[in-house]
Every structure is written in structure tokens, then in C-alpha cells.
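Structural overview for review
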Amino acid sequence: MNKNLPEGQLAQIVAALKQQQVIAYPTEAVFGVGCDPDSELAVTRLLELKQRPVEKGLILIAADFEQLKPYIDDAALTEEQRQGVFASWPGPVTFVFPALANTPKWLTGRFDSLAVRVTDHPLVKELCLAYGKPLVSTSANLSGLPPCRSAEEVQQQFGNDFPVLMGDTGGRLNPSEIRDALTGELFRQG
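Since the model is a prediction, treat every value here as computed from it, not as a measurement. (Residues numbered from 1 in each chain as written. Predicted model: local features only at pLDDT ≥ 70, side-chain atom pairs only at ≥ 80, totals over all residues. Heavy atoms only, no water.)

Examining the overall build of the protein
- From N to C terminus, the protein includes 6 helices and 8 strands.
- Traced from its N-terminal end to its C-terminal end, the protein shows the element sequence α-β-β-α-β-α-β-α-β-α-β-α-β-β.
- Radius of gyration (C-alpha) of the protein: 15 Å, near the 16 Å computed for a compact globule of 190 residues.
- Taken along its principal axes, the extent of the C-alpha atoms in the protein is 45 × 30 × 30 Å.
- A separation of at least 24 residues holds for 67% of the contacts in the protein among residues at least 6 apart in sequence.
- As presented, the protein carries roughly 8900 Å² of accessible surface, and 50% of it is formed by carbon and sulfur atoms.
- The centroid of the 17 positive side-chain charges in the protein is displaced by 3 Å from the centroid of its 23 negative side-chain charges. (Helix = DSSP H or I, 4+ residues; strand = E, 2+ residues; numbered from the N terminus. Rg over C-alpha atoms; globule rule 2.2 N^0.38 Å. Contact = heavy atoms within 4.5 Å. Areas by Shrake-Rupley, 256 points an atom, 1.4 Å probe, with all protein chains shown as cover. Lys, Arg positive; Asp, Glu negative; His and termini not counted. Charge placed at Lys NZ, Arg CZ, Asp CG, Glu CD.)

Next comes the structure, spelled out in C-alpha cells:
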């Protein structure tokens, strides 16, 4: 897996995020599309692009747990529950946490929880660190089409002008597993 970004590319992608654009980037299994989670305009653009209803809620992907704390109620977990989560992170496991009361509804949808992941993908980690916060993360594909597994597939589906963080996926076949942080219940097999 290529772990080095072309010169200047990271700055271009961070600039696109700051302009409330939707971007694509490689994750552990497929390319994701994402944006600034604090920008209602950017999230609305992403939902329109994906033809995804806001009620479904979204996933945040982060470089580390600290980036997720402004969105989730970490205090709702026991130390044992927290250790269960940390045993899987960083990695391709998404956990559903209770959301903080001030977490935007455009992220949580109809839920009072939020799905979050600390990635082990080096390029996404670098991007989240450079941007200084997590990103919304959903599979890069137009409605009815399979998720993109390469930058070329992203450009075929979204166009050549779509901002893409060039790089390889982590090589996993399946999207991230999704579990409840409180109960450990499996929502989606990874």
C-alpha cells in the first residue's frame, strides 16, 4: 500500500474540506466520500450526492479517539466497555456511541447515537490530523452502483474534477464491522 501522498495533495484536499466540499479518500476496504462534519452545507451536499436520507445518520472517521470526543458521550461507557472499544482501534471496526446532546442532527439522523471509527489507514489518519478533526465517512458510490475500490473508479462515478485523495485502500474485502459500544451487539458484519 502506498503510504506517501504526492507533494501538495494533502493541502489541496484540506483546502477543499475548508470550502465545504465533498471529497473522496481510500479507507480500509473501499473509497469513502466525506466532508466536514460540522458543516451542515457540506453534509447536505454529501447526502444529495449519495441520495441518502438524513434520517439514516452517518459515520465519522478519525485519526484518534480525542477527535471524536466533541461528538460522543464517552462518559456513558464503563471502563470495561471503553477497553472493549479500544481493543479494536485503530482499525476497521465502527462503534455506535451515545451522541452528545449538541451533536448535529445532520450527523445522528433519527438516532441519539453516532457511529464512529478510529482508522488505521495511514492516509486517512494523515488527512484527519492535517484537517484537525474527523470526517464524515460513507462509501464512495452513486446510488445503485458498487462502492469504488480505486481513485479511477471514483472519477468514473463522480467525474474527473471530484477532489480525490490518491492512494490505495487497505485491501480488506468488506466494509467496516459496526458494533454497539455499550452492548457489543453486531449491527453489520465486517
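Structure's up, so let's keep going.
Considerations on the pattern of salt bridges
- Scanning the model with the defined rule gives 7 salt bridges in all.
- Residue Arg117 pairs with Glu28 through a salt bridge whose shortest N-O separation is 3.1 Å. Of this pair, Arg117 sits in strand β5 (residues 113–118) while Glu28 sits in the loop between β1 (23–26) and β2 (31–34); the two residues are 89 residues apart in sequence, bridging distant segments of the chain.
- For Arg117, a relative accessible area of 4% translates into the label buried.
- Glu28 gets classed as buried once you look at its relative accessible area, which sits at 5%. (Salt bridge = Lys/Arg side-chain N within 4 Å of Asp/Glu carboxyl O. Buried < 20%, exposed > 50% of the residue type's maximum accessible area, 1.4 Å probe, protein only.)

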